[in-house]
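Descriptive structure summary
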Amino acid sequence: MERTQLVDKINRLRKECNAVILAHNYVLGEVQEIADFVGDSLELSIKAAGVTAGVIVFCGVKFMAETAKILSPEKMVLHPVPQAGCPMADMATAEQVRALKRRHPDAVVVCYVNSTAEVKAEVDICCTSANAAKIVAAIPADREIIFMPDCNLGANIAAELRRKLILWPGCCPVHQRLTPEMVRRRRREFPNAALFVHPECAPEVVALADAALSTGGMLRYVRESEAKEFIVGTEQGIIYRLARENPDKTFVALSEQAICPDMKLTTLEDVLAALEKKQYQVDLPADILTRARLPISRMLEASV
Ligand code: 13P
Ligand code: SF4
């Protein structure tokens, strides 16, 4: 089917179904193009919590669609490609969290939203890359903190706040591949460029960057910056939106290899099939929905 035909069909069906299409900043440009809202994990959670439409089509990875369902359990949440997951989210199980909590019974467990719903059901408060430092800083200084599952994000916050955190041995395979040598090489190639990275990068990479930001923070940073060239230290999908919203500025990836395969799985055909067949519905056990809502709601309350 031609692209324009596909888009026409999606537009007709989304009206008929009273559906809203949410997409993460990393998904394919063609999907960002047709979304009602594109954003980072925090922005998407806030949006999902306030949706009035009856159906949410979530274009992103599984934990994001699950978070939308947890926040709007009465809505039908469709995840067009159910195998689109986040490898970091799969680096922690609920049983492993319970075991660590038994060893640190007084610790506050702060959990990055890149985690499964079952894991969220075990923790005290969630965070995203946009609010992690604020959430950790609000915990009384005498409390022990477990930060999971991203050890890089945790180490970056620990350094920023000069606070000791118990770190989980998880990370994002895409950001883990970015190295200080890549930063030095790009700096030599583009000496006038500003360079920002995602806080999922290792601390030695963050230390060499001009800023470490959530994907939403990157969009604001570029909008407000006087620089004309930018080196982008995160998944490359964000460059589509950066370039579109800032046609007078240029962008180069810190690494051409920084591609999250899961974020690229959702196509326009999948969005259309999701609307046509009402697939694939996110369905979580009632007790997980209830228990996982608390740490996410605490995060949203702490983010205002
Ligand atoms: P953001 O919340 O910054 O968009 O990041 C989500 C993510 O998965 C980064 O890899
Ligand atoms: Fe997960 Fe990394 Fe992909 Fe983000 S970029 S969804 S953290 S694997």
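Quick caveat: nothing in here was measured; it's all calculated off a predicted structure.

What to know about the environment of Gln-176
Counting through the fold element by element, Gln-176 comes out in helix H9 (residues 173-176). A sequence separation of 24 residues divides Gln-176 from Asn-152, and the C-alpha atoms of the two residues are 8.4 Å apart. Other than its neighbours up to four places away in sequence, Gln-176 contacts Asn-152 and Cys-171. Within the structure, Gln-176 has its side chain in polar contact with the side chain of Asn-152 (distance 2.7 Å).

Examining the site of ligand 2
Surrounding ligand 2, one finds Tyr-26, Val-61, Cys-86, Pro-87, Met-88, Asn-114, Cys-172, Glu-200, Cys-260 and Met-263. When the residues that make up the shell around ligand 2 are grouped by side-chain class, the tally is 8 nonpolar, 1 polar and 1 charged.

Observations concerning the pattern of salt bridges
In the structure shown here, the tally under the stated rule is 20 salt bridges. A salt bridge links Glu-16 to Arg-12, with the nearest nitrogen and oxygen atoms 3.4 Å apart. Taken together, the residues span about one helical turn, with Glu-16 and Arg-12 both in helix H1 (residues 3-16) at a distance of 4 residues. Taking the relative accessible area as the measure of exposure, Glu-16 reaches 56% and is therefore exposed. Judged by relative accessible area, Arg-12 falls into the partly exposed class, the value being 45%.

Here's the deal with the nonpolar core
For soluble globular proteins, nonpolar side chains are generally found buried alongside one another. Judged by nonpolar contacts, the single largest core of 115 residues is most densely connected at Val-57, Val-110, Met-148, Phe-196, Val-271 and Met-299. Once residues within four sequence positions are removed from consideration, Val-271 is found in contact with Ile-10, Ile-21, Val-31, Ile-34, Val-57, Cys-59, Pro-80 and Thr-266.

Quick word on the sheet that holds strand S9 (residues 194-197)
The pairing of strands in a sheet comes from backbone hydrogen bonds and takes either a parallel or an antiparallel form. Taken together, the 4 strands give an open sheet; going across it, the order is S10-S9-S11-S12, and neighbouring strands pair in parallel fashion. Two strands in the sheet have a free side with no partner beyond their single neighbour: strand S10 (211-212) and strand S12 (250-253). Where S9 and strand S11 (residues 229-233) come together, 4 bridges link them in parallel fashion. Across the sheet, Leu-195 pairs through a bridge with Ile-231, a residue of S11. Most of the contacts of helix H13 (residues 237-245) go to S12, to which it runs at about 175°, and overall it touches S9, S11 and S12.

A word on the packing of helix H3 (residues 41-50) against helix H15 (residues 286-303)
At a minimum axis separation of 11 Å, H3 and H15 run at an interaxial angle of 105°. Here H3 lies roughly perpendicular to H15, going by the angle between them. Contacts between H3 and H15 involve Leu-42, Ser-45, Ile-46 and Ala-49 from the former and Met-299, Leu-300 and Ser-303 from the latter.

A short note on the site of ligand 1
Looking at ligand 1, the residues that line it are His-24, Tyr-26, Asp-40, Ser-41, Asn-114, Ser-129, His-175, His-198, Glu-200, Ser-214 and Thr-215. Between ligand 1 and His-24, the relevant distance is 2.6 Å, taken from an oxygen atom to a side-chain nitrogen or oxygen of the residue. Here Ser-129 contributes a side-chain N or O atom positioned 2.8 Å from an oxygen atom of ligand 1. Across the complex, the protein chains shield 95% of the 310 Å² of accessible surface that ligand 1 would expose by itself. Looking at side-chain class alone, the shell around ligand 1 contains 1 nonpolar, 8 polar and 2 charged residues.

As for the environment of Asn-25
You can see Asn-25 is positioned in the loop between strand S1 (19-24) and helix H2 (29-34). Each C-alpha atom of the pair Asn-25 and Ile-238 lies 5.4 Å from the other, and the pair is 213 residues apart in sequence. With sequence-adjacent residues up to four places away left out, Asn-25 is seen in contact with Gln-32, Val-38, Gly-39, Asp-40, Thr-215, Gly-216, Leu-219, Gly-237, Ile-238 and Arg-241. There is a polar contact of 2.8 Å between the side chain of Asn-25 and the side chain of Thr-215.

Digging into the environment of Val-174
For Val-174, the position within the fold is in helix H9. Every residue in contact with Val-174, bar those within four places of it in the chain, is listed here: Glu-235, Ala-258, Ile-259 and Cys-260.

Focus on the sheet that holds strand S4 (residues 76-78)
The 4 strands lie next to each other as S2-S1-S3-S4, forming an open sheet whose pairing is parallel. Strands at the two margins of the open sheet, each flanked by one partner only, are strand S2 (37-39) and S4. Recorded for the sheet is a direction-independent mean angle of 20° between the axes of neighbouring strands. Summarising the sheet, strand S3 (residues 55-59) and S4 pair through 3 bridges and their orientation is parallel. The residue of S4 that forms the bridge with Val-55 is Met-76.

About the cut-offs
- Residues numbered from 1 in each chain as written.
- Chains lettered and ligands numbered in written order.
- Predicted model: local features only at pLDDT ≥ 70, side-chain atom pairs only at ≥ 80, totals over all residues.
- Heavy atoms only, no water.
- Helix = DSSP H or I, 4+ residues; strand = E, 2+ residues; numbered from the N terminus.
- Contact = heavy atoms within 4.5 Å.
- Polar contact = N/O pair within 3.5 Å; in protein donor to acceptor, adjacent residues only side chain to side chain.
- Near = heavy atom within 4 Å.
- Nonpolar A, V, L, I, M, F, W, Y, C, P; charged D, E, K, R; others polar.
- Salt bridge = Lys/Arg side-chain N within 4 Å of Asp/Glu carboxyl O.
- Buried < 20%, exposed > 50% of the residue type's maximum accessible area, 1.4 Å probe, protein only.
- Core = buried A, V, L, I, M, F, W, Y, C linked by side-chain atoms within 4.5 Å.
- Pairing = 2+ DSSP bridges.
- Axes fitted to C-alpha atoms, helices over the stretch in contact; angles between N-to-C directions.
- Parallel < 35°, antiparallel > 145°, perpendicular 65-115°, else oblique.
- Areas by Shrake-Rupley, 256 points an atom, 1.4 Å probe, with all protein chains shown as cover.

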